[in-house]
Amino acid sequence: MYYKIEEDGSLTYFQIFPKEYIISNRSSTMLLKNCMPFSVFSNKYGTVISKIRLNFYPNQRVKFWPDGMSANNGLSKMTVMSDPSAYSFLVKFKNLKNLVFSFTPVFKKEFKLPFFDKIEIPISYKQEVENKCLSFADDFKIIIKKGEIRDLIKGEKVAFVLRSDENNEIEIIIGKEENNLEKKNTEYLNYLNSLVQNKDLSELEKSEFLFTMHTAFSSIKDYDGNLALAAGVNYSFPNRTYFRDSFWTIQPIMKVDPKFAKNQILFLSEGVHEDGSCPSGVMKLGEEELAFIRSRRNMLPKKAKEFYRYEKDWWSNHHDSGGYYIILLSDYINNTGDLSILKERFPDGTVLDKIGNILKRYVSLDTDNDLLFEKPFDSNDWADNVYRNGSVTYDLAIQIKAFEEASSIYDLIGDKKIAEDTRAKYQIMKHNFNKKMWNEGKGYFNDFIGDYLEDHLNIDTILALLFDIADEDKKRKTLNAMERMLETKNNKEQKFEDWGVMSVWPFFKSKKHLFSKSIFPYRYHNGSDWPYLSSIYALVKKREGMDYRYPLSRWWEYSLEKGWINPVEYYSPIYARGSLNQGWSSMAATLFL
């Protein structure tokens with residue numbers, strides 16, 4: 001694709017355009033296909049409208065910026081925009097006399113649980129017309145701000161003609177009635193630019209910052225008055241927020257608005273159970289979804305029941321979640337000084353109680369008395385298509401860091417005895433980890449030691465360096481190995497030349513430990529580039545004084561070549577990409593702040 005990065009960091013594509021683009025706000029997300037609005041889904045109502053058709057066809061150039069785009073066809077211009085804090089979208093046309101607008105009202109939530117087939121739950125809605133407004137719900141309308149409705153057809157499909165005003169302009173608001181959306185979008189772009197105004201960034205770096213920082217902000221969703229971070233477009237139904245995804249998504253936000261983290265922590269707290277276990281994510285279910293699951297729970301397949309132990313759990317008992325919770329909590333306290341959050345109470349105890357429960361659970365899962373927990377034969381961590389068991393470097397790094405941060409929290413509240421005991425455990429864990437997981441012959445940390453020794457290099461072992469758990473002499477050896485083996489520009493054994501940073505090399509040895517997408521080499525957890533992990537790797541290289549530009553920006557450059565403007569979840573050169581506007585891919589923005 002031929003594109004140009006403008007001085008302001010926006011992107012202009014010519015002739016051949018991106019196939020999909022996401023514009024997202026607090027309540028809703030709009031999917032554009034071939035640079036035209038196609039569907040809108042909301043946190044509250046699920047997919048609200050789909051199969052949008054407009055008699056406007058871009059054929060010259062299309063410009064994209066965070067939460068906005070404009071398209072030209074030589075005669076007319078269409079602009080679509082929103083703002084991360086808004087609750088609606090603005091669609092406007094210039095130099096267009098008549099617009100044919102049609103769509104299908106849907107109002108259905110796609111409800112599913114892990115290992116349980118998706119179902120559609122219909123949501124009741126209305127179709128009322130008053131003046132220049134089509135009302136489907138009190139907070140979802142189509143409002144004609146400029147222009148006049150003609151020849152309206154209602155029913156399973158809605159269609160009408162819009163005649164422009166005297167200036168040949170048409171403006172449509174989709175969602176909740178709001179004013180000044182264009183002004184909000186402009187002020188938002190100015191704010192994003194102000195965050196790096198004193199940085200000497202290349203055009204590529206500036207565009208990467210703007211779109212990744214925007215991805216973090218646009219991941220903040222309003223779930224019935226509670227703000228929390230969504231994971232991505234493909235992870236929207238049911239409404240949920242993840243422990244690990246939100247931990248990485250919130251990193252750039254912490255640098256500009258650390259107080260927001262309290263919302264996320266309190267939302268996640270509902271998933272920290274009395275036994276110290278935590279799910280992958282916490283769901284916010286509507287009345288229709290709760291009614292469904294309560295009536296059908298006993299009918300769920302055995303595997304679905306195993307992974308749905310509590311009503312708000314999205315995939316119960318994930319081993320990395322509890323550690324991330326403690327580390328995020330400590331980051332929040334260190335950035336704000338707010339110790340009162342520890343006293344926030346839930347039915348099964350305070351936030352402080354939850355810290356203790358998580359730590360006890362880790363220790364209870366240690367089977368060989370080295371204080372390092374042994375992971376069961378399951379896929380319950382970020383690599384959820386891989387059965388890693390025994391001692392897993394990634395999971396252990398999170399456990400050890402959680403103990404270090406917990407000891408600091410106990411210090412701050414004056415509980416010196418527990419602080420000293422927790423810190424002593426941390427020191428023992430750190431020593432035992434370096435002795436147990438390091439592979440001297442390979443020059444890096446083993447992925448896991450379980451049913452077999454997986455001694456390939458996994459990029460997720462970078463957490464041992466990020467969290468300062470790795471001994472000093474092991475850090476540079478590991479980074480050198482990652483540079484040589486995972487950066488594809490240097491790895492001549494992989495087949496596809498220079499395309500980014502692989503998540504593993506070589507591929508997993510044991511097929512029985514893999515399922516679904518990760519069975520295939522170069523795909524998903526078995527070799528794809530995951531921008532959030534590439535960015536963590538870049539951060540550690542930067543901290544250690546090494547060249548970090550390749551892992552920071554190669555994935556972004558590759559994405560723009562493919563027309564993936566919203567930061568992508570993962571990709572490889574031979575398989576379909578992951579979700580767009582993926583929250584944790586905003587991690588890259590952290591390095592520019």
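Description of the structure in this document. (Residues numbered from 1 in each chain as written. Predicted model: local features only at pLDDT ≥ 70, side-chain atom pairs only at ≥ 80, totals over all residues. Heavy atoms only, no water.)

Let's talk about the overall build of the protein chain
Alright, step 1. On a plain count of helices and strands, the protein chain comes out with 14 helices and 33 strands.
Alright, step 2. Against the 2.2 N^0.38 benchmark of 25 Å for 593 residues, the protein chain shows a C-alpha radius of gyration of 25 Å, consistent with a compact globule.
Alright, step 3. For the protein chain, the proportion of its 593 residues judged to be buried stands at 62%.
Alright, step 4. Considering only intrachain contacts with a sequence separation of at least 6, the fraction spanning at least 24 residues in the protein chain is 65%.
Alright, step 5. Total accessible area computed for the protein chain in this model is approximately 23,200 Å², and 47% of it derives from carbon and sulfur atoms.
Alright, step 6. Across the protein chain, 82 positive and 82 negative side-chain charges occur, with their mean positions spaced 3 Å apart. (Helix = DSSP H or I, 4+ residues; strand = E, 2+ residues; numbered from the N terminus. Rg over C-alpha atoms; globule rule 2.2 N^0.38 Å. Buried < 20%, exposed > 50% of the residue type's maximum accessible area, 1.4 Å probe, protein only. Contact = heavy atoms within 4.5 Å. Areas by Shrake-Rupley, 256 points an atom, 1.4 Å probe, with all protein chains shown as cover. Lys, Arg positive; Asp, Glu negative; His and termini not counted. Charge placed at Lys NZ, Arg CZ, Asp CG, Glu CD.)

Focus on the pairing of strand β19 (residues 220–223)
Alright, step 1. Covered by surrounding structure in β19 are Ile220 and Asp222 together with Lys221 and Tyr223, the residues of both alternating faces.
Alright, step 2. With four bridges connecting them, β19 and strand β20 (residues 226–229) associate as antiparallel partners. Bridged to lysine 221 within β20 is alanine 228.
Alright, step 3. In textbook terms, the turn of a hairpin is the stretch between consecutive antiparallel strands, and for β19 and β20 this stretch comprises two residues, one of which, aspartate 224, has a positive phi near 55°. (Pairing = 2+ DSSP bridges.)

Here we look at the sheet that holds strand β22 (residues 281–283)
Alright, step 1. Spatial strand order, β21-β22-β23: three strands in an open sheet with antiparallel pairing. In this open sheet, the two strands that pair with only one neighbour each are β21 (240–242) and β23 (313–314).
Alright, step 2. As judged from the two bridges shared by β22 and β23, these two strands associate in the antiparallel manner. Looking at the pairing, valine 282 lines up with aspartate 313 of β23.
Alright, step 3. In this fold helix α4 (residues 261–269) packs onto β21 and β22, with an angle of close to 100° to the strand it touches most, β21. (Axes fitted to C-alpha atoms, helices over the stretch in contact; angles between N-to-C directions.)

Let's talk about the packing of aromatic side chains
Alright, step 1. Throughout the structure, instances matching the rule amount to 52 aromatic pairs.
Alright, step 2. Note on tryptophan 382 and tyrosine 532: the rings are 6.0 Å apart at their centroids and 80° apart in plane angle, and the pair reads as edge-to-face. Note that tryptophan 382 is positioned in the loop between β26 (375–378) and β27 (388–392) and tyrosine 532 in helix α13 (residues 531–543), a separation of 150 residues in sequence.
Alright, step 3. Looking at tryptophan 382, the relative accessible area reads 3%, which means it is buried.
Alright, step 4. Taking the centre distance of 3.7 Å and the plane angle of 15° together, the rings of tyrosine 532 and tryptophan 584 count as stacked. Of this pair, tyrosine 532 sits in helix α13 while tryptophan 584 sits in the segment after α14 (549–562), placing them 52 residues apart in sequence. The same class applies to tyrosine 532 and to tryptophan 584, which are both buried.
Alright, step 5. An aromatic cluster of three or more residues is present, and its members are Phe247, Trp248, Tyr324, Trp382, Tyr524, Trp530, Tyr532, Tyr570 and Trp584. (Phe/Tyr/Trp six-rings, centres within 6.5 Å; stacked < 30°, edge-to-face > 60°.)

Observations regarding the packing of helix α9 (residues 393–412) against helix α10 (residues 416–437)
Alright, step 1. Contact geometry of α9 with α10 gives a least axis separation of 8 Å together with a crossing angle of 160°. With respect to their mutual orientation, α9 and α10 come out roughly antiparallel. In terms of crossing hand, the pair formed by α9 and α10 is left-handed. Contacts between α9 and α10 pair Thr393, Leu396, Gln399, Ile400, Phe403, Glu404, Ala406, Ser407, Ser408, Tyr410 and Asp411 from the former with Lys416, Ile418, Ala419, Thr422, Arg423, Lys425, Tyr426, Met429, Lys430, Phe433 and Met437 from the latter.
Alright, step 2. For the contact of α9 with α10, the residue count by class is eleven nonpolar, five polar and six charged. (Parallel < 35°, antiparallel > 145°, perpendicular 65-115°, else oblique. Left-handed = near helix turned anticlockwise from the far one by under 90°. Nonpolar A, V, L, I, M, F, W, Y, C, P; charged D, E, K, R; others polar.)

Looking at the nonpolar core
Alright, step 1. Residues Met69, Met78, Phe140, Ile172, Ile174, Trp248 and Leu463 are the most contacted members of the largest nonpolar core, which totals 188 residues.
Alright, step 2. With ten residues, the top contributor of residues to this core is α9.
Alright, step 3. Discounting chain neighbours no more than four positions away, the residues touching leucine 463 are Trp248, Tyr324, Tyr394, Ala397, Ile398 and Ile536. (Core = buried A, V, L, I, M, F, W, Y, C linked by side-chain atoms within 4.5 Å.)

A word on the packing of α4 against helix α7 (residues 321–336)
Alright, step 1. At their nearest, the axes of α4 and α7 sit 10 Å apart, and the two run at 150° to each other. Regarding the angle of α4 to α7, the classification is roughly antiparallel. Here α4 runs over α7; the crossing is left-handed. Here Ala261, Lys262, Gln264, Ile265, Leu268 and Ser269 of α4 come into contact with α7, specifically with Tyr325, Leu328, Leu329 and Tyr332.

Considering the side chain of serine 269
Alright, step 1. Along the chain, the position of serine 269 falls in helix α4.
Alright, step 2. Excluding residues that lie within four positions of it along the chain, serine 269 makes contacts with Tyr325, Phe346, Val351 and Lys354.

As for the pattern of salt bridges
Pairing between side chains of opposite charge can happen when the charged atoms of each approach one another.
Alright, step 1. Counted under the stated rule, the structure contains 45 salt bridges.
Alright, step 2. Across the pair lysine 92 and glutamate 171 runs a salt bridge, and its minimum N-O distance is 3.9 Å. Note that lysine 92 is positioned in strand β10 (residues 88–94) and glutamate 171 in strand β18 (residues 169–175), a separation of 79 residues in sequence.
Alright, step 3. Under the relative-accessibility criterion, lysine 92 is labelled buried at 9%.
Alright, step 4. Relative accessible area serves as the criterion here: at 14%, glutamate 171 is assigned to the buried category.
Alright, step 5. Close ionic contact of lysine 541 with glutamate 487 constitutes a salt bridge, the shortest N to O distance being 2.9 Å. Taken together, the residues span a long stretch of sequence, with lysine 541 in helix α13 and glutamate 487 in the loop between α12 (472–485) and β33 (504–505) at a distance of 54 residues. (Salt bridge = Lys/Arg side-chain N within 4 Å of Asp/Glu carboxyl O.)

Considering the environment of methionine 78
Alright, step 1. Inspection of the secondary structure assignment puts methionine 78 in strand β9 (residues 77–81).
Alright, step 2. Separated by 14 residues in sequence, methionine 78 and lysine 92 place their C-alpha atoms 5.7 Å apart.

Looking at unusual backbone geometry
Alright, step 1. A cis geometry characterises the amide bond from phenylalanine 237 onward to proline 238, with omega recorded as -10°.
Alright, step 2. Following tryptophan 505, the chain continues to proline 506 via a peptide bond in cis, the omega torsion being -10°.
Alright, step 3. Within the fold, proline 506 resides in the loop between β33 and α13.
Alright, step 4. Although it is not a glycine, glutamine 15 adopts a positive phi angle of roughly 70°.
Alright, step 5. Positive phi is not limited to glycine here, since asparagine 168 has a value of about 60°.
Alright, step 6. Inspection of the secondary structure assignment puts asparagine 168 in the loop between β17 (158–163) and β18.

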